[in-house]
Amino acid sequence: MAQVTLKNLDKFYGTTQILHGIDLEIQDGEFAVLVGPSGCGKSTTLRIIAGLEEASGGDVYIGDTRVNDVEPKNRDIAMVFQNYALYPHMNVYENMAFGLRLRKYSDQEIKERVEEAAEVLSVQEYLHRRPKELSGGQRQRVAVGRAIVRKPAVFLFDEPLSNLDAKLRVQMRTEIKKLHAKLKTTMIYVTHDQIEAMTMGDRIVVMKDGYIMQAEEPLKIYKRPDNHFVGSFIGSPAMNFFEVEVQKENLVNAKFTLPIKDIHPAILKTMDGMKIHLGIRPEHLKLMDTYASIPATLDVSELMGNESYLYCDTGLDSFIARVADNVPRKIGTQLNLYAEPEDYHFFDLETGKRID
């Protein structure tokens, strides 16, 4: 096992800068998830750690060793790719054993390691099959098994579940999390799926445009996003945002007024007269007719079984409410949505930074 440290990491492709001074420390045995939209730099960061890309500036440490100039095969890492990268002419056993044979392990040790990994991943019965005879989930297990047999200091996962259907993705992310609990090895996992990030990571590293926007435990990020982007990216459905003006004891929008006198006195004192973004998560909105509610027209209602997603419009802003019932509602119905002021989030209109 090993700690992974990135110091002031830059990456250029020509004159285009992909990573901007990334500083990150992943603890020994931690499961860290790099998450963000396409093009944010998360896969590039992973490939630099693996040695498949060269950093344009900064340092990469695995343990106490600076590995910028160390070949990938000597970094004591194992990588699981999105497309499985299995050899089609080899059976499962040979695919899992291949890396060990290159490293001149004895046949007996190879056999022991492969059988141990196969048991952990429940692929013992497939050892003599070829990849084309396996399902997508089985192939992904074999790809993970090929990494396990190496017993590396660090596991790297590059969107390994994106080719699987929804049910298999849920199953496999559970299996990978259980694997981490058993192996207690440092794992760095890249995904664009924020649900994967929330359910799998000990810590989430949210990236955008080559910058780290926030790196904390999943619940801390959910409850206290550092900025507008993180608030909008983490959470399903995404956080709703309304432009409001702070006026004495109220938040005033062209379509509604919300009192905040007793809940957020600091906001009142420092922001009076300023326009800010008010963020409210869909699950914090309730159907309630009070003087502090947001009036809206129902555009679409999605019944999810035990709950409903209500897509609403104030005439100025569109937003989503996630309510705990499955009552069908007609399009065009007038609704009033209420959220406890304790569940409000405030962000600077210009910088997007959180206001406390």
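The coordinates are above.
The rules behind these values
- Residues numbered from 1 in each chain as written.
- Predicted model: local features only at pLDDT ≥ 70, side-chain atom pairs only at ≥ 80, totals over all residues.
- Heavy atoms only, no water.
- Helix = DSSP H or I, 4+ residues; strand = E, 2+ residues; numbered from the N terminus.
- Expected span 1.5 Å × (residues − 1).
- Contact = heavy atoms within 4.5 Å.
- Pairing = 2+ DSSP bridges.
- Salt bridge = Lys/Arg side-chain N within 4 Å of Asp/Glu carboxyl O.
- Buried < 20%, exposed > 50% of the residue type's maximum accessible area, 1.4 Å probe, protein only.
- Phe/Tyr/Trp six-rings, centres within 6.5 Å; stacked < 30°, edge-to-face > 60°.
- Axes fitted to C-alpha atoms, helices over the stretch in contact; angles between N-to-C directions.

So, helix α3 (residues 107-121)
1) Next: In a regular helix each residue adds 1.5 Å, so 15 residues correspond to 21 Å; α3 covers 21 Å between its end C-alpha atoms and thus fits that length.
2) Next: Summarising the contacts, the buried residues of α3 are in contact with α2 (92-102) and α4 (136-148).
3) Next: Where α3 ends, the next residue or the one after it, serine 122, has phi of about 55 degrees, a positive value.

Concerning the pairing of strand β4 (residues 57-62)
1) Next: The pairing of strand β1 (residues 4-13) with β4 spans 5 bridges and is classified as antiparallel. Residue pairing in the sheet places threonine 5 in a bridge with tyrosine 61 of β4.
2) Next: Looking at chain direction, β4 and strand β5 (residues 65-66) are connected through 2 bridges and run antiparallel. Across the sheet, the residue bridging to tyrosine 61 is arginine 66, located in β5.
3) Next: Linking β4 back to β5 in an antiparallel pair, the connection comprises 2 residues, with glycine 63 at a positive phi of about 65 degrees.

Looking at the pattern of salt bridges
1) Next: Taken as a whole, this structure holds 15 salt bridges when the rule is applied.
2) Next: With a closest N to O distance of 2.6 Å, glutamate 30 and arginine 203 form a salt bridge. With glutamate 30 in the loop between β2 (16-26) and β3 (31-35) and arginine 203 in strand β9 (residues 203-208), this pair connects stretches of sequence that are 173 residues apart. For the pair formed by glutamate 30 and arginine 203, the shared burial category is buried.
3) Next: Residue lysine 177 is joined to aspartate 202 by a salt bridge in which the shortest nitrogen-to-oxygen separation is 3.1 Å. On the criterion of sequence distance, the pair formed by lysine 177 in helix α5 (residues 166-183) and aspartate 202 in the loop between α6 (194-200) and β9 is long-range, its members being 25 residues apart.
4) Next: Through salt bridges with shared partners, a single network forms among Lys11, Arg47 and Glu53.

As for the pairing of strand β8 (residues 186-191)
1) Next: In terms of burial, β8 is largely enclosed, as 6 of its 6 residues are buried.
2) Next: Bridging between β3 and β8 involves 5 bridges; their strand directions are parallel. Residue pairing in the sheet places alanine 32 in a bridge with isoleucine 188 of β8.
3) Next: Two elements, strand β7 (residues 154-158) and β8, share 5 bridges in a ladder whose sense is parallel. Its bridge partner being in β8, aspartate 158 is matched across the sheet by valine 190.

Description of the packing of aromatic side chains
1) Next: In this structure the tally under the stated criterion is 9 aromatic pairs.
2) Next: Considering the side-chain rings of phenylalanine 157 and tyrosine 189, the 5.7 Å spacing of their centres and the 35 degrees angle between planes classify their relative orientation as tilted. Taken together, the positions of phenylalanine 157 in strand β7 and tyrosine 189 in strand β8 put the pair 32 residues apart, joining distant regions of the chain. The pair formed by phenylalanine 157 and tyrosine 189 is uniform in burial state, with each residue classed as buried.

Digging into the sheet that holds strand β13 (residues 257-259)
1) Next: A sheet is described by the order of its strands in space; here 5 strands give the open sequence β13-β12-β11-β14-β20, paired in antiparallel fashion. Looking at the sheet topology across the chains shown, the edges are occupied by β13 and β20 (345-348). Between one strand axis and the next, the sheet turns by 40 degrees as a mean value, whatever way the strands run.
2) Next: Inspection of the sheet shows strand β14 (residues 275-280) paired to β20 by 4 bridges, in the antiparallel sense. Each residue of the ladder has a partner; that of glycine 279, found in β20, is histidine 345.

Remarks on the sheet that holds strand β18 (residues 318-323)
1) Next: Read across the open sheet, the 5 strands follow the order β15-β19-β16-β17-β18; overall the sheet is antiparallel. In the strand order of this sheet, the two ends are held by β15 (286-287) and β18, each with one partner.
2) Next: Bridge count between strand β16 (residues 294-303) and strand β19 (residues 334-338): 4 bridges; the pairing is antiparallel. Within β19, the position partnered with isoleucine 294 by the bridge is leucine 337.

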